[in-house]
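Spelled out from the first residue to the last, the chains are:
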Amino acid sequence: MGSIIKTLVLIAALIFVASLLIGVRGKTMAKLLKIAVVILVIAGAGWYFRGTWMPNAGGGFAINPFASSPSKSIIYNDHTLDIPTGYNEDGNVATEHFNHCLEYYIANTDSAEYNPQFSHLLISFCNTIHSEELFRQGFDNLLFDAMTCDYSMSELLLAYGICKKTLSTGETIVLVVARGTGNDGWEIASNFDVSPDHYGRHSGFSDAAQILHTKLLDFLGPIDLSKVVFVITGHSRGAAAANILSAMLIDENIRQDHLYCYTFACPDTAFLSDSQAESYKCIYNIGNVNDVVSWTPWNIWKESGSYYGFGADTHWNKYGQSYWYSTSDWNGSLEASINNLDPEHYQATYLGFLRNEEPLSYYKTRAEIH
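Keep in mind it's a predicted model, so treat the numbers as computed, not measured.

Trainee: Teacher, can you tell me more about the overall build of the protein here?
Mentor: Helices and strands together make up the secondary structure of the protein, namely 13 helices and 11 strands. Buried positions account for 53% of the 370 residues belonging to the protein. Across the protein, contacts joining residues at least 24 apart in sequence account for 72% of those joining residues at least 6 apart. Element-wise, carbon and sulfur atoms account for 56% of the exposed surface of the protein, whose accessible area totals about 16,000 Å².

Trainee: When you look at the pattern of salt bridges in this model, what are you seeing that I'm missing?
Mentor: A pair can form between side chains of opposite charge whenever their charged atoms are brought close. Under the counting rule described, the total for this entry stands at 7 salt bridges. We note a salt bridge from Arg-355 to Glu-96, for which the minimum N-O separation is 2.7 Å. Of this pair, Arg-355 sits in the loop between α12 (347-354) and α13 (366-369) while Glu-96 sits in strand β2 (residues 93-98), placing them 259 residues apart in sequence. On the basis of relative accessible area, Arg-355 is assigned to the partly exposed category, the value being 41%. Looking at Glu-96, the relative accessible area reads 7%, which means it is buried.

Trainee: Is there a simple way to think about the pairing of strand β6 (residues 228-235) in this case?
Mentor: For a regular strand, side-chain orientation follows a simple rule: the groups alternate between the two sheet faces. Taken across its 8 residues, β6 has 8 buried, putting it largely inside the fold. Of the two faces of β6, the one holding Val-228, Phe-230, Ile-232 and Gly-234 and the one holding Val-229, Val-231, Thr-233 and His-235 are both buried throughout. Taken together, β6, helix α9 (residues 237-251) and strand β7 (residues 259-264) form a β-α-β motif whose crossover is right-handed.

Trainee: What am I meant to see in the environment of Ser-226 here?
Mentor: Position of Ser-226 relative to the elements: it lies in the loop between α8 (203-220) and β6. Once the C-alpha coordinates of Ser-226 and Asn-253 are considered, the two residues, 27 residues apart in sequence, prove to be 8.9 Å apart.

Trainee: Teacher, can you tell me more about the side chain of Thr-172 here?
Mentor: You can see Thr-172 is positioned in strand β5 (residues 172-178). Judged by its relative accessible area of 3%, Thr-172 is buried. At 3.3 Å, the side chain of Thr-172 forms a polar contact with the side chain of Thr-166. Setting aside its immediate chain neighbours within four residues, Thr-172 contacts Lys-164, Lys-165, Thr-166, Ile-223, Lys-227, Val-228 and Val-229.

The rules we used
Residues numbered from 1 in each chain as written. Predicted model: local features only at pLDDT ≥ 70, side-chain atom pairs only at ≥ 80, totals over all residues. Heavy atoms only, no water. Helix = DSSP H or I, 4+ residues; strand = E, 2+ residues; numbered from the N terminus. Buried < 20%, exposed > 50% of the residue type's maximum accessible area, 1.4 Å probe, protein only. Contact = heavy atoms within 4.5 Å. Areas by Shrake-Rupley, 256 points an atom, 1.4 Å probe, with all protein chains shown as cover. Salt bridge = Lys/Arg side-chain N within 4 Å of Asp/Glu carboxyl O. Right-handed = clockwise from strand over helix to strand, strands pointing away. Polar contact = N/O pair within 3.5 Å; in protein donor to acceptor, adjacent residues only side chain to side chain.

What follows is the structure in structure tokens.
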């Protein structure tokens, strides 16, 4: 939408310049100038209210949630699935065992409803992605067709893995796993680039998500996106990128029943009102109530987004449905601090809890905690 506004301003400027060059006089000149002024007013109104109707903006709503493209048709041969999640103290590989394959959980899960088994499976992949070797092992166990992963940090300040499988129906399943922050200094610095971009999103996370979006489409190649089912997940910085990437795809008319996004320890990613955030019904963000990252930057900047032009009812938020769990108390960000960042924020800590496969009724929203 920003490009539309720029185009309107350019048209108005061209009309004005053309009227001067042509040398028109009187009523004709007045009419041209009025047209230019009207266009500028429309462009100005678009810029002022951009937070209420721009795709992916602080005031935007999810577009085309469940319409226009064919329903997914998942036909699969079920098999057990072992996902390597790290190394034990004795050097052996730790694994999470699942009785069904990834396709099973997609076929038997409404993307707008939380599935605790699916959540357990995806946090397992978030542990796997911290090791390229283990991720490749997990990919082999998926029995998918192709994969790519990048830990170079040369262009995208985010490590990630993507794999896909084309079913006999012509449907393609794509799994995207984004890694949390590693040891790269620029990656860490990007986490603190908290200034909102023109979409109202955290600039550091938005930059990572946009490049990941390009990498994803490059990996898919020429394909009918209406026949793709996306499964997107990530932890911490990876969760933020996954959160924004999923919102971008939805705003680009990917059906919400063709997209499953589960994020873990996701920081706030954009200025959104609660109703705007929750219109992205296929995105679930799971946080540990004592993990300070899952409350940031809201716990620091609680003011509305009106200062930036994103609407008085907007605040630092996440796309989708956001829920927190607790293993001790429900004080949330009031007690969360840097002192407990390591044990509470680790992806292994999230795996330890999500292994219990608690139903959504166990969790609480931000409003319920405070």
